[in-house]
Amino acid sequence: MSAFMENIDWSEIGQATLDTLSMLGGSMVLTVVLGLPLGVILFLTGKGQMLQNRAANGVLSLVINILRSVPFVILLIVMIPLTVTLVGTSLGVPGAIPPLVVGAAPFFARLVETALREVDKGVIEASFAMGAKRRQVVLGALLPEAMPGLIAAATVTAIALVSYTAMAGVVGAGGLGDLAIRFGYQRFQTDVMVVTVVLLLVLVQALQMVGDAVVRRVSHR
């Protein structure tokens, strides 16, 4: 067993894990900040909704679909000039955040739209009947009713971001993916590859368990 683990540098593994968590945390916050409003607007401007606007909905939907259809590895490379402009580098954790957000925000926005569509229209109609304004309906009725679906959407997005952070290692973004590529793949160090994959699997399972627990708690309120 010790011979199998001879290439493992646990301090480097620890730093790579912290880098992955930093990328995940930073990009997830920005993804929610951007993706939630996008999803809400996409829903509200849809057919039969309170802000129905076919042109705006069509344009926004097209942009989201285009961004979602671009493979993340390609997006990483294409965004290098923009990433350098925004954060000053395309390497390391800072250089990974912009493409991670651009790749995940449209995905999350679609999930938000889907979660909002599942809200009973009677809740919205009842809110209007009680004299609520549009903003009050959205913030006081629509979003709270959709909260379990929104949390589930955030969980799915966070898990997708874990895989994105691993792919970001291709362009030197750091983290467990970078470690797996540089040592596990390029130097044929199988032990490093196994450890990084196991850590990524543990992270995904932890995110899913936490997300499921929060959804159950919110659903039983």
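Refer to the structure above for everything that follows.
The paragraphs below set out a description of the structure included in this document. Here the structure is a predicted model, which means the values were calculated and not measured.

Rules and cut-offs
- Numbers given for residues are sequential positions, taken from 1 along each chain in its written order.
- It should be noted that, the model being predicted, local features are given only for residues of pLDDT at least 70 and side-chain atom pairs only at 80 or more, the latter also being counted only at that level, while totals for whole chains, interfaces and linings use all residues.
- To obtain the side-chain values, all non-hydrogen atoms of the structure were used and water was disregarded.
- Strands here mean DSSP runs of E at least two residues long; helices mean DSSP runs of H or I at least four residues long; both are numbered from the N terminus.
- Categorising residues by exposure relies on relative accessible area from a 1.4 Å probe, with only protein chains included: less than 20% of the type maximum marks a residue as buried, more than 50% marks it as exposed, and the intermediate range marks it as partly exposed.
- In this scheme, patches are assembled from residues that exceed 30% relative accessible area and form no salt bridge. Like charges are connected within 9 Å, while nonpolar side chains (Val, Leu, Ile, Met, Phe, Trp, Tyr) are connected within 5 Å.
- Values of accessible area rely on a 1.4 Å probe in the Shrake-Rupley scheme; residue burial ignores everything except the protein chains shown.
- In the sections that follow, a salt bridge refers to a side-chain nitrogen of Lys or Arg positioned within 4 Å of a carboxyl oxygen of Asp or Glu.
- Multiplying 1.5 Å by the residue count of a helix minus one yields the expected span of that helix.
- For this quantity, the arc is that covered by the directions from the helix axis to the C-beta atoms.
- Should any heavy atoms of two residues lie within 4.5 Å, those residues are counted as being in contact.
- We call two N or O atoms a polar contact when they sit within 3.5 Å, provided that within protein one can donate a hydrogen and the other can accept it, with sequence-adjacent residues counted only if both atoms are side-chain atoms.
- Between N-to-C directions, angles cover 0 to 180 degrees, with each direction set by a line fitted to C-alpha atoms, over the stretch in contact for helices.
- In this scheme the crossing of two helices becomes right-handed for a clockwise turn of the near helix relative to the far one and left-handed for an anticlockwise turn of less than a right angle.
- Under the convention adopted here, Pro, Cys and the residues Ala, Val, Leu, Ile, Met, Phe, Trp and Tyr are nonpolar, Asp, Glu, Lys and Arg are charged, and Gly plus all remaining residues are polar.
- Only the six-membered ring of Trp is used, alongside the rings of Phe and Tyr, when aromatic pairs are assigned; centres must lie within 6.5 Å, and planes under 30 degrees apart are stacked while those over 60 apart are edge-to-face, with the rest tilted.

1. Focus on the side chain of R110
Secondary-structure assignment places R110 in helix 5 (residues 92-117). A relative accessible area of 16% places R110 in the buried class.

2. Comments concerning a nonpolar patch on the surface
Among the surface-exposed residues, V73, I77, I80, V84 and V170 lie close enough to one another that they form a single nonpolar patch of about 360 Å² accessible area. Mapped onto the nonpolar patch, the elements with two or more residues apiece are helix 3 (72-78) and helix 4 (80-87). Positionally, I77 belongs in helix 3. Assessed through its relative accessible area of 46%, I77 is described here as partly exposed.

3. Details of the pattern of salt bridges
Summed over the entire model, instances satisfying the criterion amount to two salt bridges. In this structure, the salt-bridge partner of R110 is E113, at a minimum N-O distance of 2.8 Å. Of the two residues, R110 and E113 are both situated in helix 5; the distance of three residues between them amounts to about one turn of the helix. Grouping residues by exposure puts R110 and E113 together as buried.

4. Describing the environment of T190
Within the secondary structure, T190 is located in helix 10 (residues 190-219). Residue T190 is classed as partly exposed on the basis of its relative accessible area, which comes to 48%. For the pair T190 and A180, spaced ten residues apart in sequence, the C-alpha separation works out to 9.0 Å.

5. Section: helix 2 (residues 54-69)
For helix 2, spanning 16 residues, the distance from its first C-alpha to its last is 22 Å, which sits close to the expected 22 Å at 1.5 Å a residue. Among all positions of helix 2, only N57, L60, S61 and I64 are buried. The buried side chains of helix 2 occupy one side of the element, clustering within an arc of 100° when seen end-on. Exposed residues pointing more than 90 degrees away from the buried face of helix 2 are listed as A55, V59, L62 and S69. Turning to helix 2, the residues buried within the fold contact helix 1 (10-44) and helix 5. Where helix 2 begins, the side chain of N53 points an oxygen toward the backbone nitrogen of A55, at a separation of 3.2 Å.

6. A short note on helix 10
Given a rise of 1.5 Å per residue, 30 residues ought to cover 44 Å, and the 43 Å separating the end C-alpha atoms of helix 10 matches this to within 8%. Residues of helix 10 that are buried include every one of D191, V192, V195, T196, L200, L203, G211, V215 and V218, and no others.

7. Quick notes on the packing of helix 6 (residues 121-129) against helix 7 (residues 134-145)
For the pair helix 6 and helix 7, the least separation of the axes is 10 Å and the interaxial angle reads 145°. Read as a crossing pair, helix 6 and helix 7 show a hand that is right-handed. Side by side, helix 6 and helix 7 meet where V123, I124, S127 and F128 of the first sit next to R134, V137, A141, L142 and E145 of the second. Split into classes, the residues belonging to the contact of helix 6 with helix 7 amount to six nonpolar, one polar and two charged.

8. Topic: the packing of aromatic side chains
This model, assessed by the stated rule, comprises one aromatic pair. When the ring of F72 is compared with that of Y164, the centres are 4.4 Å apart and the planes differ by 10°; the resulting orientation is stacked. On the criterion of sequence distance, the pair formed by F72 in helix 3 and Y164 in helix 8 (residues 147-167) is long-range, its members being 92 residues apart. Of the two residues examined, F72 and Y164, each falls in the buried class.

On their own, these measurements won't tell you what the molecule is for.
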